Amino acid sequence: MLGKTAAGLFWMFRHLERAESTARLLDAGFRIALTRAGSSRSEWESVLTTVGQLDAFRQRHGEATSAKVMEFLLSDRDNPSSIICMVKAARDNARAVRIALTREVWEATNESWMTLDKLLTGRIPEADLPDTLTTIRQQNALVRGATNGTMLRNDGYNFLRLGTFIERADNTARILDVKYYLLLPSISQVGSTLDIKQWETILRSVSALRSYQWLHGATVNPRDIAQFLILHEQMPRSLAFCYNKICDNLGYLAKNYDNKTEACETADRIHLDYLRRSMDAIFDDGLHEYIEGFLGANGRLATQIAKDYSFEVTA
C-alpha cells in the first residue's frame, strides 16, 4: 500500500478516536463539576491537561470556565484540537483516500461531518451539552459500525485499526494519570465520597462503568479501577486490549509483506515491558512514572510505524 494511503487511513481514525475521547472527557468534566460546590475550575483544567491544551487555552482565554472550555474544545475552528477541527481532519483524510474506503464508510464519515458542522456552529448552551456530546459519540459509532461491517480485512483495515488503538491507548493512559494527580483537591479526599464519585465518572468517560460493575459489583476501589483500565484484556479501552490489537494488526502487515518491521518488534517490547507487569509492581514503581513511560513508548511506536511504512508522523 502507498504510504500516502496508509497515512490517510491511519490519521483518519486517529482523529475520529481523538474527537470521541475529547467528547467523553468533556462529559466527565461536566459531571464532576456538578458534584462540586463552588468553583469547578480544577475539573476543566484537568480536561485541558488531559488533551494537552492547557497552555494553549490559557494564552487565549486565561481562567478555565465551563463555557470557555466547552467552546474551545467543541467548536473553536481556530483550535486544531477542537472536536469540529478533528472531525473535519478525519473527513479530509477520508476524501483523500476515498478509493480505499467502502461507500458506506465514506458516506458515514461525510454525514458525520455535515451533522457536526451544523451542530457545532456557535456557542453550545450548557443545558444542551449532554445531548451534543451524545450526538458526537453516536456519529463516531456510525463510522465505526460501517467500517467493521463493510471493510475488507486488508492492509488498509490494519492501518486504520493501528490509528484507532494507538490513539485509544494514549487517551486511556492520560485519563488515568490526570485522575491521580489533578482531579482530587487534596490527598485527604482519597477514599471519600467525592473520590468515589469522581472514579465512577472516569469509568463513564471510557464507557467502562457497567462492565466494571459486572466484575466488581458496586464497590469502587481505585486499585481495581486502575487494574481494569490497564491490564484487563477484555475491556475495549484498556491498555492491554489496545496493545493486543496493535500487535495483531502489525503482525498481519508483517505476514502480508513477509517482513517483520521495527514497529512490530517495538510493539512486542511495549506489550512485554508494560502489560505483563502485576499491579503490585506498577504501584511499587509509581503509577505516574509507569504511565509517563508508557505514553513515551506509545508515541515512539507511532513514529516507528510512520517510518517503516513511509508516511508522515503528524497530520
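If you're wondering where the values come from, they're calculated on a predicted model, not measured in any experiment.

**Things to note about the packing of aromatic side chains**
Then step 1. Following the criterion strictly, the structure yields nine aromatic pairs and no others.
Then step 2. Relative to F72, the ring of F57 lies with its centre 5.3 Å away and its plane at 75°, an arrangement referred to as edge-to-face. Taken together, the residues span a long stretch of sequence, with F57 in helix 3 (residues 54-61) and F72 in helix 4 (residues 66-74) at a distance of 15 residues.
Then step 3. Look at F57 and you get buried, because its relative accessible area is 0%.
Then step 4. By relative accessible area, which is 2% here, F72 ends up buried.
Then step 5. Summarising the aromatic geometry, the rings of F165 and F241 are spaced 6.0 Å apart at their centres and angled 55° between planes, so their arrangement reads as tilted. Residue F165 is located in helix 8 (residues 155-183), and its partner F241 is located in helix 12 (residues 239-257); the two are separated by 76 residues in the primary sequence. Here F165 and F241 have matching classes, each one buried.
Then step 6. Ring pairs connect the aromatic residues Y243, Y274, Y290 and F294, which therefore count as one cluster.

**So, the pattern of salt bridges**
Then step 1. This model, assessed by the stated rule, comprises 20 salt bridges.
Then step 2. The partner of E167 in a salt bridge is R18, with the nearest N and O atoms 2.9 Å apart. With E167 in helix 8 and R18 in helix 1 (residues 3-35), the pair connects residues that are 149 residues apart, well separated along the chain.
Then step 3. Exposure remark for R18: the relative accessible area of 26% places this residue in the partly exposed category.
Then step 4. The closest approach of N and O atoms between R144 and E20, which form a salt bridge, is 3.0 Å. Here the residue R144 occupies a position in helix 7 (residues 129-150), and E20 occupies one in helix 1, the gap between them amounting to 124 residues.
Then step 5. Note on E20: relative accessible area 1%, which makes it buried.
Then step 6. Put simply, E17, E20, R24, R144, R168 and R237 are held in one network by salt bridges that share partners.

**Focus on unusual backbone geometry**
Then step 1. With phi around 50°, S207 is a residue other than glycine that occupies positive phi space.
Then step 2. Relative to the helices and strands, S207 is located in the loop between helix 9 (193-205) and helix 10 (209-216).

**Brief notes about the side chain of T261**
Then step 1. With respect to the helices, strands and loops of the structure, T261 is situated in the loop between helix 12 and helix 13 (262-275).
Then step 2. Under the relative-accessibility criterion, T261 is labelled buried at 9%.
Then step 3. At a separation of 3.3 Å, a polar atom in the side chain of T261 contacts the side chain of D308.
Then step 4. With sequence-adjacent residues up to four places away left out, T261 is seen in contact with D308 and Y309.

Scoring rules and cut-offs
Residues numbered from 1 in each chain as written. Predicted model: local features only at pLDDT ≥ 70, side-chain atom pairs only at ≥ 80, totals over all residues. Heavy atoms only, no water. Phe/Tyr/Trp six-rings, centres within 6.5 Å; stacked < 30°, edge-to-face > 60°. Helix = DSSP H or I, 4+ residues; strand = E, 2+ residues; numbered from the N terminus. Buried < 20%, exposed > 50% of the residue type's maximum accessible area, 1.4 Å probe, protein only. Salt bridge = Lys/Arg side-chain N within 4 Å of Asp/Glu carboxyl O. Polar contact = N/O pair within 3.5 Å; in protein donor to acceptor, adjacent residues only side chain to side chain. Contact = heavy atoms within 4.5 Å.

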